[in-house]
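# Understanding the architecture of this molecule
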Amino acid sequence: MNITKETDLLIIGGGAAGMSTAVSAYENGIRDILILERNNSLGGVLRQCIHNGFGLHRFKEDLTGVEFAQRYIDKIKEYKIPYMLECFVIDLSDDKVVTCVNPSEGLMKIKAKAIILAMGCRERTRNNILIPGVRGAGILTAGTAQRYLNLEGYIPGRSVVIVGSGDIGLIMARQFVLEGVEVKAVVEIMPYSGGLPRNMKQCIEDFGIPVYYNSSVTKISGRERVNSVEVCRLDENRRPIPETAMKIDCDTVMISAGLIPENELTEQAGIEMSSSTKGAAVDECNMTSVPGIFSCGNVLHVHDLVDFVAEEAEETAEYAASYILGNMDVSYSGTIEVLNGEGAGPVVPCRINRNIRAESANLMFRPRNKYRDAVITVKLGSRILAEQKSIALTPGEMCRISVAGDKLSGAAGPLVVSVTGTINN
Amino acid sequence: MEKQELICIMCPRSCRLTVSGSDGSLAVEGNMCPRGHEYALSEAVHPMRILTGIMRVEGIKEPLSIKTTKMIPKELLLRAMDEIHKVKAKAPVKAGDIIISDILGTGADVVATKSIK
Ligand SMILES: Cc1cc2nc3c(=O)[nH]c(=O)nc-3n(C[C@H](O)[C@H](O)[C@H](O)COP(=O)(O)OP(=O)(O)OC[C@H]3O[C@@H](n4cnc5c(N)ncnc54)[C@H](O)[C@@H]3O)c2cc1C
Ligand code: SF4
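This part takes up the interface of chain B and chain A. Facing 32 residues of chain B, the contacting portion of chain A comprises 32 residues. Both faces combined, the contact of chain B with chain A buries some 2,800 Å², and carbon together with sulfur accounts for 57% of it. Between chain B and chain A we count 6 salt bridges in total. When the shortest N-O distance is used, the salt bridge between Arg16(B) and Glu397(A) registers 3.6 Å. On inspection of chain B and its partner chain A, the count reaches 7 residue pairs in polar contact (both at pLDDT 80 or more). Broken down by element, the residue count for the side of chain B that touches chain A peaks at 5 residues, all from strand β6 (residues 60-68) of chain B. Split by residue class, the side of chain B that touches chain A holds 14 nonpolar, 6 polar and 12 charged.

Here it is as structure tokens:
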């Protein structure tokens, strides 16, 4: 099939990341832009986030997710940036050709000078976390429950047990209570919550919902519909202790076990993946191993704050714009590897170009534990390049530390990010 | 008053705050911005929350998302939701339209957060 269309910048995904890259690319002088979105409207996961807590950094206002998305939709309309809805991207190749389908135009092949991958995440399901028992009705993921309730207007159950303590589950726990649904328990396999501390406070503690840490749902019972679950505490090796088994009656099991970046297209294009972050391996400009293909937002790594998604997306778009305009130094003089040391999870970016193109490199990662009086350090050999103190850190919150570009230029690497402090899981 | 540890919920940064002192003169530490100071004082004395939720729209399946224009006392959240469940919005609705004014005498209005045609 021949190329049906050519464009300067093609953006795959019209969520917070895709929309912010489009707006920022426009503001950086790019006019020939196209956003491809498979849903029937822009906004991505924000469309179903009716709660507040969005945009405090970006707009200095406490917006709901829906309102935050609308700000960007309005900008896209103001700038007349083209977007195609109900357009599913089915293939991406390393020569920057995208194959997509849309009900009105059928199959299309679009070639672009630069592509930004902004496909977001999907949720981990029961199969990903392996809970034995029936396959009856009443088992769903938190994001699906959120969509049913907030977009389709139907309440998925009367009494629910939540598996996992990711943010979506916490937010849904509160909304269920407000809608008159009984929330029996939150069961978390880890010794700490996977969500933001503020959500533990305002969604769980505010309503006195019991949380069982170091525990897991070992069985789901019921014939046509769930009628109870069995919860066990886990031993040090994360194996259930049978004597601790406890039965909880409920008609719904909601799984909130985190998100997985949607990287099928990235892999199809043969883009190098990072074995630690599970997203594309990117440099300090969020450029992948294929020059001109960039990645940002939840598809690159799971964010908890849309404000940081927007910021990351804007930076990415600036680099994409300078790539398109021919202003980016694409010469390659080797890279500085970025590694996670003690106490730190996988770091984005995983490499920095040795002739660094940015004023500073922003490194993002999650701590491995809950810490008090923590210090984050970035070291090159024994030299400390950046240091940051924090009263408290938790894996539910992404950490960010930036290293000045001049300190990095010419360095051989690797750069090691680590966290020290008092562990209080 | 004992030293009280709080988590600021005013923005996702989740600063850890401590409030100490007695009623008339409370001291707040750990906040990274003035909103945290304000939050800690109110949380120590009388917790307040923004309410967000959904409500039915006449003749339409898709619900309308709503919020209170300012914080209301935490203990009124469920009662406010009962009030909201009693009414149905009528399309068309524009984001920002007032659906219920001065809910439960709190001085806060319930407004639409999206538009429905
Ligand atoms: C329940 C929940 C609560 C949250 N709470 C907060 C909060 O209180 N405060 C806060 O700041 N942040 C919060 N966040 C985080 C923030 O909303 C997200 O990190 C952010 O919206 C992610 O944006 P994104 O564009 O990367 O991904 P998404 O919004 O997932 O967008 C990706 C888009 O790509 C499209 N797409 C994917 N594959 C294809 C394809 N092959 N072809 C075409 N289109 C495709 C999808 O349809 C989707 O629209 C929350 C997130 C969730 C889920
Ligand atoms: S004190 Fe300020 S910065 Fe810290 S969580 Fe509260 S509102 Fe956010």
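Residues and elements named next belong to chain B. One open sheet holds the 4 strands; their spatial order is β5-β6-β9-β8, and the pairing between them is antiparallel. Across the chains shown, the open sheet's two edge strands, defined by having one partner strand only, are β5 (52-57) and β8 (98-100). Going across the sheet, the axis of each strand differs from the next one's by a mean of 45°, ignoring polarity. Examined bridge by bridge, β8 and strand β9 (residues 110-112) share 2 bridges and lie antiparallel to one another. Looking at β9, one finds that Ile100 is bridged to Val110.

On to the nonpolar core, then. One broad trend across soluble globular proteins is that nonpolar side chains are buried collectively. Grouped together as the largest cluster of nonpolar side chains are 43 residues, with contacts concentrated most on Met254(A), Leu64(B) and Ile84(B). Considering every element that reaches this core, the biggest residue donor is helix α5 (residues 167-178) of chain A, with 7 residues. When sequence neighbours within four positions are dropped, the list of residues in contact with Ile84(B) reads Leu51(B), Ile54(B), Met55(B), Ile66(B), Ile100(B), Ile103(B) and Val110(B). Cys49(A), Phe54(A), Cys285(A) and Ala358(A) belong to the second-largest nonpolar core, a separate cluster that totals 42 residues.

All names here are of chain A. Mapped onto the secondary structure, Ser20 falls in helix α1 (residues 16-27). With relative accessibility at 1%, the residue Ser20 sits in the buried group. Ignoring any residue separated from it by four or fewer positions in sequence, one finds Ser20 in contact with Tyr72, Ala310, Ala313 and Glu314.

Residue and element names in this part refer to chain A. For helix α8 (residues 306-324), which comprises 19 residues, the first-to-last C-alpha distance of 26 Å matches the rise-based estimate of 27 Å (1.5 Å per residue) to within 8%. Within α8, 15 of the 19 residues are buried, leaving the element largely enclosed by the surrounding structure. Looking at the residues trailing α8, positive phi occurs at Gly326, about 75°.

Residues and elements named next belong to chain A. The full set close to ligand 1 counts 34 residues, and Ala17, Glu37, Val45, Asn298 and Val306 are the nearest of them. Contact between ligand 1 and Asn39: an oxygen atom at 3.4 Å from a side-chain N or O atom of the residue. Across the complex, the protein chains shield 95% of the 1,000 Å² of accessible surface that ligand 1 would expose by itself. Of all the elements in the fold, those that place two or more residues in the shell around ligand 1 are α1, β3 (52-54), β6 (88-93) and α8. If you tally residues by element for the shell around ligand 1, the top one is α8, at 3 residues. Class assignment of the residues belonging to the shell around ligand 1 gives a composition of 18 nonpolar, 12 polar and 4 charged.

A few words on the sheet that holds strand β26 (residues 415-423) of chain A. Residue and element names in this part refer to chain A. Strands sit in the order β21-β20-β26-β23-β24 across an open sheet of 5 strands; the sheet is mixed. If you trace the sheet from one side to the other, it starts and ends with β21 (351-353) and β24 (383-393), each paired once. Pairwise comparison of adjacent strand axes, ignoring direction, gives a mean angle of 20° for this sheet.

Residues and elements named next belong to chain A. For chain A, the assigned domains read domain 1 (1-123 + 259-330), domain 2 (125-257) and domain 3 (332-425). With centres defined by C-alpha atoms, the gap from domain 1 to domain 3 works out at 25 Å. Each partner contributes residues to the interface: domain 1 has 25 residues there, and domain 3 has 21 residues. Interface area, domain 1 with domain 3, both sides summed: about 1,800 Å², of which 50% is carbon and sulfur. Here domain 1 is connected to domain 3 by 3 salt bridges. The salt bridge partner of Arg351 is Glu272, with a shortest N-O separation of 3.2 Å. The interface formed by domain 1 and domain 3 holds 10 residue pairs in polar contact (both at pLDDT 80 or more) in total.

Turning our attention to the domain arrangement of chain B. Assigned domains within chain B: domain 1 (3-45) and domain 2 (52-112). In this structure, domain 1 of chain B and domain 2 of chain B have C-alpha centres spaced 29 Å apart.

Residues and elements named next belong to chain B. One ladder, built from 5 bridges, connects β5 with β6; its direction is antiparallel. By the bridge assignment for β6, Gly53 is matched with Ile66. Hairpin remark: β5 followed by β6, antiparallel, with 2 residues in the connecting loop; positive phi at Gly59, about 75°. Judged from the 3 bridges that link them, β6 and β9 form a sheet pairing that is antiparallel. Bridge pairing links Ile66 to Ala112 in β9.

Residue Val348(A) is joined to Pro349(A) through a cis peptide bond whose omega torsion reads 0°. Note that Pro349(A) resides in the loop between β20 (335-340) and β21. The step from Ala91(B) to Pro92(B) runs through a cis peptide bond, and the omega angle for that step is -5°. With respect to the helices, strands and loops of the structure, Pro92(B) is situated in the loop between α2 (77-86) and β8. Of note in this structure, Lys80(A) is not a glycine but carries a positive phi near 55°.

Conventions and cut-offs
- Residues numbered from 1 in each chain as written.
- Chains lettered and ligands numbered in written order.
- Predicted model: local features only at pLDDT ≥ 70, side-chain atom pairs only at ≥ 80, totals over all residues.
- Heavy atoms only, no water.
- Contact = heavy atoms within 4.5 Å.
- Buried area = accessible area lost by both parts, 1.4 Å probe.
- Salt bridge = Lys/Arg side-chain N within 4 Å of Asp/Glu carboxyl O.
- Polar contact = N/O pair within 3.5 Å; in protein donor to acceptor, adjacent residues only side chain to side chain.
- Helix = DSSP H or I, 4+ residues; strand = E, 2+ residues; numbered from the N terminus.
- Nonpolar A, V, L, I, M, F, W, Y, C, P; charged D, E, K, R; others polar.
- Pairing = 2+ DSSP bridges.
- Axes fitted to C-alpha atoms, helices over the stretch in contact; angles between N-to-C directions.
- Core = buried A, V, L, I, M, F, W, Y, C linked by side-chain atoms within 4.5 Å.
- Buried < 20%, exposed > 50% of the residue type's maximum accessible area, 1.4 Å probe, protein only.
- Expected span 1.5 Å × (residues − 1).
- Near = heavy atom within 4 Å.
- Areas by Shrake-Rupley, 256 points an atom, 1.4 Å probe, with all protein chains shown as cover.
- Domains from an automatic or database assignment.

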